[in-house]
Protein chains: 4
Amino acid sequence: MSSSYGENIRLTIFGQSHSPAIGMTLEGLPAGCEIDFDRLVRFMQRRAPGKNSYSTPRKEGDCPEFLCGVKGNISCGTPLTAIIRNTDTRSGDYSKLRVVPRPGHADYTAEVKYGGNQDYAGGGHFSGRLTAPLCIAGGIILQQLEKMGITVISRIASIGKIPDSGELLLSTADKDFPVVSDVQGEKMKELILKAKSNGDSVGGVVECKVTGLPAGIGDPMFGGMENRISSIVFGIPAVKGIEFGAGFGASELYGSENNDEFAVYGGKIVTMTNNCGGILGGITNGMPLSFRVGFKPTPSISKPQHSVNLETLTSEELIVTGRHDPCIVPRAVPCVEAAAAIAVYDAVLARKREL
Amino acid sequence: MSSSYGENIRLTIFGQSHSPAIGMTLEGLPAGCEIDFDRLVRFMQRRAPGKNSYSTPRKEGDCPEFLCGVKGNISCGTPLTAIIRNTDTRSGDYSKLRVVPRPGHADYTAEVKYGGNQDYAGGGHFSGRLTAPLCIAGGIILQQLEKMGITVISRIASIGKIPDSGELLLSTADKDFPVVSDVQGEKMKELILKAKSNGDSVGGVVECKVTGLPAGIGDPMFGGMENRISSIVFGIPAVKGIEFGAGFGASELYGSENNDEFAVYGGKIVTMTNNCGGILGGITNGMPLSFRVGFKPTPSISKPQHSVNLETLTSEELIVTGRHDPCIVPRAVPCVEAAAAIAVYDAVLARKREL
Amino acid sequence: MSSSYGENIRLTIFGQSHSPAIGMTLEGLPAGCEIDFDRLVRFMQRRAPGKNSYSTPRKEGDCPEFLCGVKGNISCGTPLTAIIRNTDTRSGDYSKLRVVPRPGHADYTAEVKYGGNQDYAGGGHFSGRLTAPLCIAGGIILQQLEKMGITVISRIASIGKIPDSGELLLSTADKDFPVVSDVQGEKMKELILKAKSNGDSVGGVVECKVTGLPAGIGDPMFGGMENRISSIVFGIPAVKGIEFGAGFGASELYGSENNDEFAVYGGKIVTMTNNCGGILGGITNGMPLSFRVGFKPTPSISKPQHSVNLETLTSEELIVTGRHDPCIVPRAVPCVEAAAAIAVYDAVLARKREL
Amino acid sequence: MSSSYGENIRLTIFGQSHSPAIGMTLEGLPAGCEIDFDRLVRFMQRRAPGKNSYSTPRKEGDCPEFLCGVKGNISCGTPLTAIIRNTDTRSGDYSKLRVVPRPGHADYTAEVKYGGNQDYAGGGHFSGRLTAPLCIAGGIILQQLEKMGITVISRIASIGKIPDSGELLLSTADKDFPVVSDVQGEKMKELILKAKSNGDSVGGVVECKVTGLPAGIGDPMFGGMENRISSIVFGIPAVKGIEFGAGFGASELYGSENNDEFAVYGGKIVTMTNNCGGILGGITNGMPLSFRVGFKPTPSISKPQHSVNLETLTSEELIVTGRHDPCIVPRAVPCVEAAAAIAVYDAVLARKREL
């Protein structure tokens, strides 16, 4: 089922951008997990729109209502469902898009797949808004991982061709613009605003690291950490690439350059480099698990574009109106953390069966 | 289950490099599928080792024995199992690797995960040899896709820093070295042989295209074509990155550059560019589905490397012996095709439920 | 995941008896399915409590609110979620049951499983109230099956030792007490009221038939119609047995008595008897699929019973208060229909992959 | 996938009665499980045919060959595959059955489902022979359960209308005819031989108990022990009913009769009766888990029966030849144990995620 993820914990995301509500159900969360709702809301606010000039002006309360699965702030072991009401919706903005699909969007493919029955308002189930329920689940799970000493951090690694500098060592969660180098961050913001002022958009890359993971998490073959993480991360809209450790860069290296040699450090086995991104044979080796995610530029731009009228099968010029992010990447950072957390937690639970 | 893939068709791969046999079971293959065994064997020979000087000298018959699921050469609708006997094994080569793990290999992570019970001979279940059963399944499915007009082609896009040139438009299956430009291919081979003569190895990139796919295949969220393909492709050993269409390159573009504008061509809706790799919102748009896969260099190199003796927790120098590919990429090309075929076929079957 | 069912359509049920809401998500419902909400509510009212003197006096509105997955009354192809708010809850009734568990209930096993974190109010996730979301899903699916000519009917086959008479040939949905013979129905009601007046409860059997199913639905081995149906039907609280066709009765017969001989009737292949309940080798044969479900008596009775104080580990006499059904069977009839419909529809969708 | 079972351990059964081999793959068996192959073979011999006059004269070696997943007699954590070659096959016996299907068999439904491509020889994938791989998996798992103090025992509870007497307290594994009362056993054997001499067959009931299970195993809703066990047990050919604890008998009782009152015994919480079969709310309560399985009489009888010629659509008299069991029940006893063991072990592994 395409809107569900996970074998040992299962997340199901439901809702459309303009339906009465969106939400998620989390099955398999063990009983007795404490949830800090305030922290959860703060986590979710990192992806909330309308904060500043480089995101969509759509305002969302984004405060989840928990329908079941908790007793007070403790999980009770049965499915946990939380919803967010959709309020600030303007469906009128979208009525034309069913007939003249936006380039780069799912409008056309949804029309083919659902035969005209899709809920196209606001992008329907394909909307970036559906990452809010992902962040509910991720935010809850991040808190549980933390109790195990596992931390997930991330940053914007680049916007367009402007890279961040420095290494990702600390959380950027408290920053308004999640980069290591604020100097580079300013350049990125400029680029986003420039794109915006041109009625255009721009893409970027998010880097994510999971630290504190013990060795031995993950499985061979199709259950590797790479498989598990990629199969959830591509569920975030606009993701078009993922690489682990040195990733595509490793393909340019000799084995003698790329191999991470082993050493003993503080009585523990470590590697002296981490080109493998903490994963060997799909299984964690105890080093930080690291990966990078490439986002395409937001397809909704206000520049005129060529499209096709699906009813008349003739070319038509399209100008997309509505409220859109000129760059989705800053808001995607917590989404990547959420996705990583869910994938890692699922693998951690799987490991418990073996021990 | 980590050694299984698929929802509508399910492939299970079993075996270790030096166990009595390796093999695969394919569940869900509809009754009545014709299998051309000769073509299947020819397909499998593209990944077989020992063909030439840039692959491992291990010789494998690699001829699958079908245990069930077919009547003559027609699938009978129930699980299809095929095995390959392991014959040319030299387990003595590997006895030391459990104690002193090879950098870049799963030796160490398997030791942690399985607590010493893993079958480490030849890399066990982590061996590249396990791509042979993947190719049995993929080879069968490629034949079924072809009957639907769906073709999977691929090539080596680069070895180390040497790129292929030209566009991937035709199958390279008949070539000894699967590139578009034989001139570039010669340079790649030189690089591989150079690495080999240095006791080293080198990585590379494989590009793959699926043509003839109708629009409407795949699902939103976690069931997108990107999710489906990446979660099987990372099951091929040494894969560290995947990108669809323009991939990471798209992250450097403006929306106005990256968006694929729609047009009408021959009465059909097409896009004028294909930066999205034929996938919008996880669903095919009718254009060729394209992706690139990054392979790290083979970790088994004969240069001395630092490792750790797991029993004494002291550093130890390791020289890997045994027979290994200086570059896995040429043999990985059909494996990527196989993986793509399985993922696509699973999605095509899923689509049948909706129609 | 224990609160989910189905491979080709997936139902997830969430909620506790006294949580803010209960509900369900249905994934995989094809786009374009029309839903008659009025009929759905009428279907759900068949299981609603508080209708008459032989069910619990708890009143429930039970009117589902649809959060997403529909556009008007047409399914849009993405997850469909509906919830029911819990309003008439009296959690005070249940506070003692965590310490002194009710015999025949899940109080004790939930305490062990969830370590005290379970939501015990009203039986939590184990409550019969959770059959309401089952009936939302079932009611929607029954409407879709009907469009395919597939009908699900059922009746009370017995209450205590009082059997219904006559054969189940027509729907009993319009009857206040769903039996074929109203004479027998009156005797059953008397027995229920007698049990009630004694502070006791009584069990019974529900018979269900699915007609209009084509031959060829279902799968061998673990995907048989018996496996599929039983694995959902035992999700209805209080079910302790299921049998298909002649069921346990067949175990007393000779093969020559039990075998259903084939004949040609109206150009179609039929069987002259239906001891197999329309299923051979797990697959439908085109005859009515029939099964019977045994329900234990409601465990909540007001007679004094022996229990144990889990804190002091001493015996304690328990008198269960609260509002309970003296016999769950009449309200279970639509639940069995719902469960059968979901199982059958899942198998029908599976079949589409093969054709 | 219909030939697979389990979420935390997964069994896949493959093969047809007359294909080169049958077998099974077990995924998820933790590394380090010791397997006593001699005991396994002894377990499998309990279901082997040809032992005596009341089973089919087909002789099978039934000695599994392990292809992978073990190192010596220790599981290595990756998929374990074992096969059994089919040798004593006489396909000629079956050639007519595709056109004139046997009453009570899957011949007709397989023809419809697979459109003539099914392997009908020997019943194909529907053959009782496929319970041999079930017993490989079950036999391995029974040994692992035993190390946890969990034991599975069973007996023939009745053949035709002849019941066993006494209670099932000890294993009947060492008996040639697995009943508690040998006196009743003799009567059962007489009945089987009488049926055989008439060219007929007879059904029966198997009772099974799992002792030593801790409380807290299993899940609510669709993950209950009843759901889990029934969904595998119906995979054994000829099973038409299952009931837990008092089962259908409970439907005739008052709540005050059926409820199992709690008591403290030896410092542990027990129930004074066990009408619930050790399961409350789908979860074990620490009492023996008990259930009964109803088998229909073997459909293959040599008495003349009415069937239909599928090519001409005319009635035809059929006399089934070939080698068949006049009663499958004695050989089904270890199959029920195997199925129960697999279901229980899967639930035990699931429980480990929570602790």
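Remember, predicted model here, so these are calculated numbers, not experimental data. (Residues numbered from 1 in each chain as written. Chains lettered and ligands numbered in written order. Predicted model: local features only at pLDDT ≥ 70, side-chain atom pairs only at ≥ 80, totals over all residues. Heavy atoms only, no water.)

Caption draft 1: Region of interest: the overall build of chain A. Looking only at helices and strands, chain A has seven helices and 18 strands in total. Since a compact globule built from 355 residues should have a radius of gyration of about 20 Å, the 21 Å found for chain A is in line with a globular shape. Taking the principal axes of the C-alpha coordinates as reference, chain A spans close to 70 × 50 × 35 Å. Here chain A holds 355 residues, and the buried ones make up 67% of them. (Helix = DSSP H or I, 4+ residues; strand = E, 2+ residues; numbered from the N terminus. Rg over C-alpha atoms; globule rule 2.2 N^0.38 Å. Buried < 20%, exposed > 50% of the residue type's maximum accessible area, 1.4 Å probe, protein only.)

Caption draft 2: Geometry of the UniProt feature "binding site: FMN" (unreviewed entry) in chain A. The positions that UniProt labels "binding site: FMN" (unreviewed entry) are, in the present scheme, His 125, Phe 126, Ser 127, Gly 281, Lys 296, Pro 297, Thr 298, Pro 299, Ser 300 and Arg 323 of chain A. A polar contact is formed between the side chain of Lys 296 of chain A and the backbone oxygen of Gly 104 of chain A, at a distance of 2.9 Å. Locating Pro 297 of chain A in the fold gives a position in the loop between strand E16 (289–295) and strand E17 (305–309). Look past the residues within four positions of Pro 297 of chain A in its chain and what remains in contact with it is Ser 201, Val 202 and Gly 203 of chain A together with Ala 250, Leu 253, Tyr 254, Gly 255 and Asn 258 of chain B. (UniProt positions renumbered as here; feature names shortened; annotations may be inferred. Polar contact = N/O pair within 3.5 Å; in protein donor to acceptor, adjacent residues only side chain to side chain. Contact = heavy atoms within 4.5 Å.)

Caption draft 3: Here's a closer look at the relation of the copies chain A and chain B. When chain A is fitted onto chain B, the two copies agree to an RMSD of 0.0 Å after a turn of 180° and an axial shift of 0.0 Å. The symmetry that links the two subunits is that of a two-fold axis. When the interface residues of chain A are mapped onto chain B, 100% of them again lie at the interface, so the same face is used by both copies. (Least-squares fit on C-alpha atoms with pLDDT ≥ 70 in both.)

Caption draft 4: Focus on the side chain of Gln 305 of chain D. Structurally, Gln 305 of chain D can be placed in strand E17 (residues 305–309). The exposure class of Gln 305 of chain D is buried, given its relative accessible area of 4%. At a separation of 2.8 Å, a polar atom in the side chain of Gln 305 of chain D contacts the side chain of Asn 259 of chain C. If we skip the residues at most four places from it in the chain, Gln 305 of chain D touches Asn 259 and Glu 261 of chain C together with Pro 103, Pro 299, Glu 316, Glu 317, Leu 318 and Val 320 of chain D.

Caption draft 5: The arrangement of the packing of helix H1 (residues 37–45) of chain C against helix H3 (residues 131–147) of chain C in detail. Residues and elements named next belong to chain C. Where H1 contacts H3, the axes come no closer than 9 Å and their chain directions differ by 130°. Judged by the inter-axis angle, H1 sits oblique to H3. The chirality of how H1 crosses H3 is right-handed. Contact with H1, carried on its side by Arg 39, Leu 40, Phe 43 and Met 44, involves Ala 132, Cys 135, Ile 136, Gly 138, Gly 139, Ile 140, Leu 142, Gln 143 and Glu 146 of H3 and no other residues of that element. Partitioning the contact of H1 with H3 into residue classes produces eight nonpolar, three polar and two charged. (Axes fitted to C-alpha atoms, helices over the stretch in contact; angles between N-to-C directions. Parallel < 35°, antiparallel > 145°, perpendicular 65-115°, else oblique. Left-handed = near helix turned anticlockwise from the far one by under 90°. Nonpolar A, V, L, I, M, F, W, Y, C, P; charged D, E, K, R; others polar.)

Caption draft 6: The arrangement of the side chain of Thr 25 of chain A in detail. All names here are of chain A. Topologically, Thr 25 is positioned in strand E3 (residues 21–27). What makes Thr 25 buried here is its relative accessible area of 2%. At 2.8 Å, the side chain of Thr 25 and the side chain of Thr 81 are in polar contact.

Caption draft 7: Region of interest: the sheet that holds strand E2 (residues 10–15) of chain B. All names here are of chain B. Taken together, five strands build an open sheet; the order of strands is E1-E2-E3-E7-E4 and the sheet is antiparallel. Only two strands of the sheet have a single partner each, and these edge strands are strand E1 (4–5) and strand E4 (65–68). Bridging between strand E3 (residues 21–27) and strand E7 (residues 80–85) involves six bridges; their strand directions are antiparallel. The residue bridging Met 24 from the neighbouring strand is Ala 82, located in E7. (Pairing = 2+ DSSP bridges.)

Caption draft 8: Broad picture of the relation of the copies chain C and chain B. When chain C is brought onto chain B, the operation consists of a screw motion whose angular component is 180° and whose axial shift is 0.0 Å, with 0.0 Å RMSD remaining. Mapped onto chain B, 100% of the interface residues of chain C are again interface residues, and the two copies thus contact each other with one and the same surface.

Caption draft 9: Inspection of helix H3 (residues 131–147) of chain B at higher detail. The first and last C-alpha atoms of H3 of chain B sit 24 Å apart over 17 residues, in line with the 24 Å expected at 1.5 Å per residue. H3 of chain B sits mainly inside the fold: 15 of its 17 residues count as buried. (Expected span 1.5 Å × (residues − 1).)

Caption draft 10: Quick peek at the environment of Lys 240 of chain C. With respect to the helices and strands, Lys 240 of chain C occurs in strand E11 (residues 239–244). On the accessibility criterion, Lys 240 of chain C (3% relative accessible area) is buried. Taking the C-alpha atoms as reference points, Lys 240 of chain C and Val 293 of chain C, 53 residues apart in sequence, are found 7.7 Å from one another. In this structure, Lys 240 of chain C is in contact with Phe 234, Gly 294 and Lys 296 of chain C together with Glu 226, Ile 242, Glu 243, Phe 244, Gly 247, Cys 276 and Ile 279 of chain D, ignoring residues within four places of it in sequence. One polar contact links the side chain of Lys 240 of chain C to the main-chain carbonyl oxygen of Cys 276 of chain D, over a distance of 2.8 Å.

Caption draft 11: Molecular detail of the nonpolar core. Of all hydrophobic cores here, the largest spans 158 residues; its most connected members are Leu 134, Ile 242, Phe 291 and Phe 295 of chain A together with Leu 134, Ile 242 and Phe 291 of chain B. Look past the residues within four positions of Phe 291 of chain B in its chain and what remains in contact with it is Val 206, Glu 207, Cys 208, Ile 229, Val 233, Ile 242, Glu 243, Phe 244, Val 336 and Ala 340 of chain B. Judged by nonpolar contacts, the second largest core, of 157 residues, contains Ala 82, Ala 341 and Ala 343 of chain C together with Val 179 of chain D. (Core = buried A, V, L, I, M, F, W, Y, C linked by side-chain atoms within 4.5 Å.)

Caption draft 12: Region of the structure containing the interface of chain A and chain B. Counting residues at the interface gives 101 residues for chain A and 101 residues for chain B. For the pair chain A and chain B, the summed buried surface comes to about 8100 Å²; carbon and sulfur atoms form 63% of the total. Ranking the residues of chain A by area buried against chain B places Phe 222, Lys 240 and Phe 262 of chain A at the top, with a combined share of 11%. On the surface where chain A and chain B come into contact, there are six salt bridges. Residues Glu 354 of chain A and Lys 113 of chain B are paired through a salt bridge, measuring 2.7 Å at the closest nitrogen-oxygen approach. For the side of chain A that touches chain B, the element with the most residues is strand E11 (residues 239–244) of chain A, which contributes six residues. For the side of chain A that touches chain B, the per-class residue count stands at 47 nonpolar, 35 polar and 19 charged. With three bridges joining them, E11 of chain A and strand E11 (residues 239–244) of chain B adopt antiparallel strand pairing. (Buried area = accessible area lost by both parts, 1.4 Å probe. Salt bridge = Lys/Arg side-chain N within 4 Å of Asp/Glu carboxyl O.)

Caption draft 13: How the structure looks around the sheet that holds strand E2 (residues 10–15) of chain D. Residue and element names in this part refer to chain D. The sheet built from five strands is open, its strands ordered E1-E2-E3-E7-E4 with antiparallel pairing. Each edge of the open sheet carries a strand with a single partner, namely strand E1 (4–5) and strand E4 (65–68). With two bridges joining them, E1 and E2 adopt antiparallel strand pairing. Bridge assignment links Tyr 5 to a residue of E2, and that residue is Leu 11.

Caption draft 14: Expanded view of the UniProt feature "binding site: NADP(+)" (unreviewed entry) in chain A. Under the UniProt annotation, the feature "binding site: NADP(+)" (unreviewed entry) is placed at Arg 47 of chain A. Looking at where Arg 47 of chain A falls in the secondary structure, it is placed in the loop between helix H1 (37–45) and strand E4 (65–68).

Caption draft 15: Here's a closer look at the environment of Gly 218 of chain D. Mapped onto the secondary structure, Gly 218 of chain D falls in the loop between strand E10 (204–211) and helix H5 (225–233). The spacing of Gly 218 of chain D and Ile 279 of chain D is 61 residues in sequence and 8.7 Å in space, taken between C-alpha atoms. With near-sequence residues (within four places) excluded, Gly 218 of chain D lies in contact with Lys 113 of chain C together with Gly 223, Met 225, Arg 228, Gly 282, Ile 283 and Ala 347 of chain D.

Caption draft 16: The arrangement of unusual backbone geometry in detail. The backbone of Ala 238 of chain A sits at a positive phi, close to 85°, despite the residue not being glycine. Structurally, Ala 238 of chain A can be placed in the loop between helix H5 (225–233) and E11. A relative accessible area of 18% means that Ala 238 of chain A is categorised as buried. The residue Leu 313 of chain D is not glycine, and still its phi comes out positive at about 55°. Secondary-structure assignment places Leu 313 of chain D in the loop between E17 and strand E18 (314–318).

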